[in-house]
Amino acid sequence: MFSSDNKKPKQDKIMETSTQQNIIAQGTKIVGDIASQGPFRIDGTVEGNVKTSGKIVIGKSGFIKGTLQGENADFEGKFSGKLILSGTLSLKSTAHIEGEVHTTKLAVEPGATFNATCSMKGTVKALPNEPIKPKQPEQQTAQKPERQA
């Protein structure tokens, strides 16, 4: 009886920790790499690599310098480095992003600063068919000034 009762609480504890949010509070600075299966909220400073399969929220006072890998991210704070997301990147009006971004979807509120090289996985497939089309209008615009001159 006692051994079966002890097993159930341990299983419940394992399930609880995987769904709980990891929080790095304001005023906290971490130098190094972080890996987690659960969601993250960062209001402090992280210098290093962060990897998670959950959602990442960077608060207004949050700052990450390094590589960030995850599914979805909401930014209110600052980021500098390489950002790799398999889902959506949402930038609030207070967000400041610099570096390299790889994502599937991008949502930017007015006022956000986005100084990054960005590649979106969803549009990469459409690019090989489209380069011919933009070249034709450029040639037409080049011909228009000749006609006017």
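Residues numbered from 1 in each chain as written. Predicted model: local features only at pLDDT ≥ 70, side-chain atom pairs only at ≥ 80, totals over all residues. Heavy atoms only, no water.

(A) Examining the sheet that holds strand E4 (residues 40-42) more closely. Across the sheet, 6 strands lie side by side as E1-E4-E7-E9-E11-E13; this open sheet has parallel pairing. The sheet is open, and its two borders are formed by strand E1 (22-24) and strand E13 (105-108), each paired with just one other strand. On average, each strand axis in the sheet is tilted by 10 degrees relative to the strand beside it, whichever way the strands run. Alignment of strand E9 (residues 73-75) against strand E11 (residues 88-91), held across 3 bridges, turns out to be parallel. Paired with aspartate 74 across the strands is serine 90, a residue of E11. (Pairing = 2+ DSSP bridges. Helix = DSSP H or I, 4+ residues; strand = E, 2+ residues; numbered from the N terminus. Axes fitted to C-alpha atoms, helices over the stretch in contact; angles between N-to-C directions.)

(B) Up close: the side chain of serine 36. Structurally, serine 36 is set in strand E3 (residues 34-36). Judged by relative accessible area, which is 16%, serine 36 ranks as buried. Within the local environment of serine 36, its side chain forms a polar contact with the backbone nitrogen of glycine 38, the two atoms lying 3.1 Å apart. Beyond its immediate sequence surroundings of up to four residues, serine 36 is in contact with Asn22, Lys51, Thr52 and Ser53. (Buried < 20%, exposed > 50% of the residue type's maximum accessible area, 1.4 Å probe, protein only. Polar contact = N/O pair within 3.5 Å; in protein donor to acceptor, adjacent residues only side chain to side chain. Contact = heavy atoms within 4.5 Å.)

(C) Fine view of the environment of glycine 27. Among the structural elements, glycine 27 can be located in the loop between E1 and strand E2 (29-31). Judged by its relative accessible area of 76%, glycine 27 is exposed.

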